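Here is what each chain is made of, one letter per residue.
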Amino acid sequence: KIRKMLSNGVCTSNVQLPGKVAIVTGANTGIGKETAKDLAQRGARVYLACRDVDKGELAAREIQAVTGNSQVFVRKLDLADTKSIRAFAKDFLAEEKHLHLLINNAGVMMCPYSKTADGFEMHIGVNHLGHFLLTHLLLEKLKESAPSRIVNLSSLGHHLGRIHFHNLQGEKFYSAGLAYCHSKLANILFTKELAKRLKGSGVTTYSVHPGTVHSELTRYSSIMRWLWQLFFVFIKTPQEGAQTSLYCALTEGLESLSGSHFSDCQLAWVSYQGRNEIIARRLWDVSCDLLGLPVDW
Ligand SMILES: NC(=O)C1=CN([C@@H]2O[C@H](COP(=O)(O)OP(=O)(O)OC[C@H]3O[C@@H](n4cnc5c(N)ncnc54)[C@H](OP(=O)(O)O)[C@@H]3O)[C@@H](O)[C@H]2O)C=CC1
Ligand SMILES: CC1=C(/C=C/C(C)=C/C=C/C(C)=C/C=O)C(C)(C)CCC1
């Protein structure tokens, strides 16, 4: 009862999605799996973009069995490797005529200092740069399929985040907890800058704090796991955690709020840095530079 009371925010939309195509990254478990399940339940063709295809297949079978929707597919996507991101996008673009919903959900938290295949620090590399590149590669398809939406999973933790341009890869100093928060701030800044650039295109974008949710996200931190267990009544189930992503993906009339941040299915407060347009623009330029992308897209 306490958890239900604290788990504010339910996506009440009864929008159905026959003929619509969705991609959910990191959909083999946690919030992503529940998000994909709900979209499949509404009749969408859903692509589970997972780094571990076997885990993805297990989730797809479960989703197919629960929803009766056979149009649930698994594709390999490792956000810690730009080659994998490019291969995923290439195959998807060849396979599908449309893309209506891109849910940038996958994430890592508090992993020990490590680097992606391209030499980016793991949090900024997977949580921000990986999704930045994926979105870039899929954007034309999203525009052609408009109205379409992009939902970026951020976190309340962004309040502790700062974009240290002189130490973006954590080489000068590194804290696993803060590195996560920095990457989640980057998700918010990306959403804001992207929304600006997409004005008038029919593609809108939102960032989301899903709540404090029981999932595998705490895998690298025994303290977090212990806290989550101790205070389990305060922690949302993954299904409850998926509600704000679904709200942003499905709610009609949300277009004018493109670029905004949501929690518990309502507008949420963003930190001072998260509202800074100059930092958002600079992060965009630096991200393009790191990924070898043109600045204007
Ligand atoms: N749980 C919470 O309390 C909160 C979660 N969030 C955010 O919600 C999102 C979902 O998290 P949640 O469901 O809780 O976490 P989980 O750890 O349960 O799920 C994360 C998913 O991301 C995938 N993933 C991790 N690294 C990569 C990679 N390199 N390439 C592709 N996929 C990858 C994981 O795959 P695999 O299973 O193979 O590892 C998994 O499918 C994250 O962005 C997180 O930051 C925000 C605030 C709070
Ligand atoms: C203070 C406090 C809690 C709050 C924890 C919070 C607010 C965690 C946020 C985690 C995030 C944002 C994770 C991923 O992004 C608990 C554990 C509920 C237990 C009661 C004490």
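Every value quoted in this text rests on a predicted model; they were computed, and no experiment measured them.

Visitor: Would you take a moment to explain the layout of surface pockets for this structure?
Guide: Over the atoms rolls a probe the size of a water molecule, and its path tells where empty space is left. Estimates place the volume of the largest pocket at around 940 Å³. In terms of lining residues, the largest pocket is bounded by 48 residues, among which G107, V108, M109, Y180 and L217 are the most central. Breaking the lining of the largest pocket down by element, the ones donating at least two residues are α2 (30–41), β2 (45–50), α5 (122–144), α6 (176–197) and α7 (222–230). Ranked by residue count, the leading element in the lining of the largest pocket is α6, at 4 residues. Here the lining of the largest pocket is composed, by residue class, of 24 nonpolar, 17 polar and 7 charged.

Visitor: Hey, could you run me through the packing of α2 against helix α3 (residues 53–67) in this one?
Guide: Packed helix pairs are characterised by how far apart their axes lie and by the angle those axes make with each other. Between α2 and α3, whose axes approach to 10 Å, the crossing angle comes to 40°. Considering only the axes of α2 and α3, their crossing is right-handed. Between α2 and α3, the contacting residues are K33, A36, K37, A40 and Q41 on the first element and A59, E62, I63, V66 and T67 on the second. Here the residues of the contact of α2 with α3 sort into 5 nonpolar, 2 polar and 3 charged.

Visitor: What exactly am I supposed to notice about the sheet that holds strand β7 (residues 261–263) here?
Guide: In sheet architecture, strand pairing relies on hydrogen bonds along the backbone and comes in two forms, parallel and antiparallel. With mixed pairing, the 8 strands of this open sheet are ordered in space as β3-β2-β1-β4-β5-β6-β7-β8. Each of the sheet's edge strands pairs with one partner strand only, and the pair in question is β3 (72–76) and β8 (266–267). Bridge count for strand β1 (residues 21–25) against β2 is 5 bridges, and the pairing is parallel. From the neighbouring strand, T25 faces β2, where its bridge partner is A49. In the packing of helix α4 (residues 82–95) onto the sheet, the strands contacted are β1, β2 and β3, and the crossing angle to β3 comes to about 145°.

Rules and cut-offs
Residues numbered from 1 in each chain as written. Chains lettered and ligands numbered in written order. Predicted model: local features only at pLDDT ≥ 70, side-chain atom pairs only at ≥ 80, totals over all residues. Heavy atoms only, no water. 1 Å grid on protein atoms, 1.4 Å probe; cavity = no way out; pocket = protein on both sides within 12 Å on 5 of 7 lines; lining within 4 Å. Points joined across faces, edges and corners; volume = space filled by probe spheres on them. Helix = DSSP H or I, 4+ residues; strand = E, 2+ residues; numbered from the N terminus. Nonpolar A, V, L, I, M, F, W, Y, C, P; charged D, E, K, R; others polar. Axes fitted to C-alpha atoms, helices over the stretch in contact; angles between N-to-C directions. Left-handed = near helix turned anticlockwise from the far one by under 90°. Contact = heavy atoms within 4.5 Å. Pairing = 2+ DSSP bridges.

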